[in-house]
Amino acid sequence: QVQLVESGGGLVQAGGSLRLSCEASGRTSSTYVMGWFRQAPGKEREFLAAIRWSGGNPYYADSVLGRFTISRDNAENTVYLQMNSLKPEDTAVYYCAVTRSGSIYYTGHSLYDYWGQGTQVTVSS
């Protein structure tokens, strides 16, 4: 089992930045992949970015490429999502998740095994 706890959400004006954190505990593995998703009201859960716990290049959804950056700190067992140039349409609950698949290219939420509780991000216009 892996436990995930997100933090860092909040209210920000359009054009601003936020950094989300996701602290992992439990039986983590270097083969795991950490991902970030979001879900806006009335919409499906959307893949944003993924990175291998062991390192390497991350993978991004087109909708956030160039604005969001995923990174990890293995010493702190934490994955981050730096979000810049935020837009009102970025408003959603943001989730971190873990897939045991080992692939950063799995974008379907059903392919992820463990989830955090989510953190709200609201971008005002």
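Here is what the cut-offs are and how they apply
- Residues numbered from 1 in each chain as written.
- Predicted model: local features only at pLDDT ≥ 70, side-chain atom pairs only at ≥ 80, totals over all residues.
- Heavy atoms only, no water.
- Helix = DSSP H or I, 4+ residues; strand = E, 2+ residues; numbered from the N terminus.
- Rg over C-alpha atoms; globule rule 2.2 N^0.38 Å.
- Buried < 20%, exposed > 50% of the residue type's maximum accessible area, 1.4 Å probe, protein only.
- Contact = heavy atoms within 4.5 Å.
- Lys, Arg positive; Asp, Glu negative; His and termini not counted.
- Charge placed at Lys NZ, Arg CZ, Asp CG, Glu CD.
- Disulfide = S-S within 2.5 Å.
- Core = buried A, V, L, I, M, F, W, Y, C linked by side-chain atoms within 4.5 Å.
- Phe/Tyr/Trp six-rings, centres within 6.5 Å; stacked < 30°, edge-to-face > 60°.

A. Molecular detail of the overall build of the protein chain. What the protein chain contains, in helices and strands, is 0 helices and 11 strands. Ordered by position from the N terminus, the helices and strands of the protein chain form the series β-β-β-β-β-β-β-β-β-β-β. For the protein chain, the C-alpha radius of gyration of 13 Å lies close to 14 Å, the compact-globule estimate for 125 residues. Considering only C-alpha atoms, the protein chain reaches an extent of 40 × 25 × 25 Å along its principal axes. In the protein chain, which comprises 125 residues, the proportion classed as buried is 43%. Expressed as a percentage of contacts within the protein chain between residues at least 6 apart in sequence, the contacts between residues at least 24 apart total 58%. When the 10 basic and 10 acidic side-chain charges of the protein chain are each reduced to a single mean position, those positions are 3 Å apart.

B. Region of interest: the environment of Val79. Along the chain, the position of Val79 falls in strand β8 (residues 78-83). Given a relative accessible area of 1%, Val79 falls into the buried group. Here the alpha-carbon distance between Val79 and Met34, two residues 45 residues apart in the chain, equals 7.3 Å. When neighbours within four sequence positions are excluded, Val79 is seen to be in contact with Leu20, Ser21, Cys22, Met34, Trp36, Ile51, Trp53, Ile70, Ser71 and Arg72.

C. Seen up close, the state of the cysteines. Within this structure, the stated rule accounts for 1 disulfide. Between the sulfur atoms of Cys22 and its disulfide partner Cys96 the distance amounts to 2.0 Å. The sign of the 60 degrees torsion about the S-S bond sets the Cys22-Cys96 disulfide as right-handed. Note that Cys22 is positioned in strand β3 (residues 18-26) and Cys96 in strand β9 (residues 92-99), a separation of 74 residues in sequence. Across the pair, exposure class does not vary: Cys22 and Cys96 are buried alike.

D. The arrangement of the nonpolar core in detail. In this structure, Leu4, Met34, Trp36, Leu81, Met83 and Tyr94 are the most contacted members of the largest nonpolar core, which totals 38 residues. Elements with a minimum of two residues in this core: β1 (2-7), β3, β4 (33-39), β5 (46-52), β7 (68-73), β8, β9 and β11 (119-124). Those residues in contact with Leu4 that lie beyond four places of it in its chain are Cys22, Glu23, Ala24, Met34, Cys96, Ala97, Val98, Tyr114, Trp115, Gly116 and Gln117.

E. The arrangement of the packing of aromatic side chains in detail. In the structure shown here, the tally under the stated rule is 7 aromatic pairs. Between Tyr112 and Trp115 the ring centres are 6.2 Å apart and the planes differ by 55 degrees, which places this aromatic pair in the tilted class. When its relative accessible area of 5% is taken as the criterion, Tyr112 is described as buried. An aromatic cluster is built from Phe37, Phe47, Tyr59, Tyr95, Tyr105, Tyr112 and Trp115, whose rings are joined through pairwise contacts.

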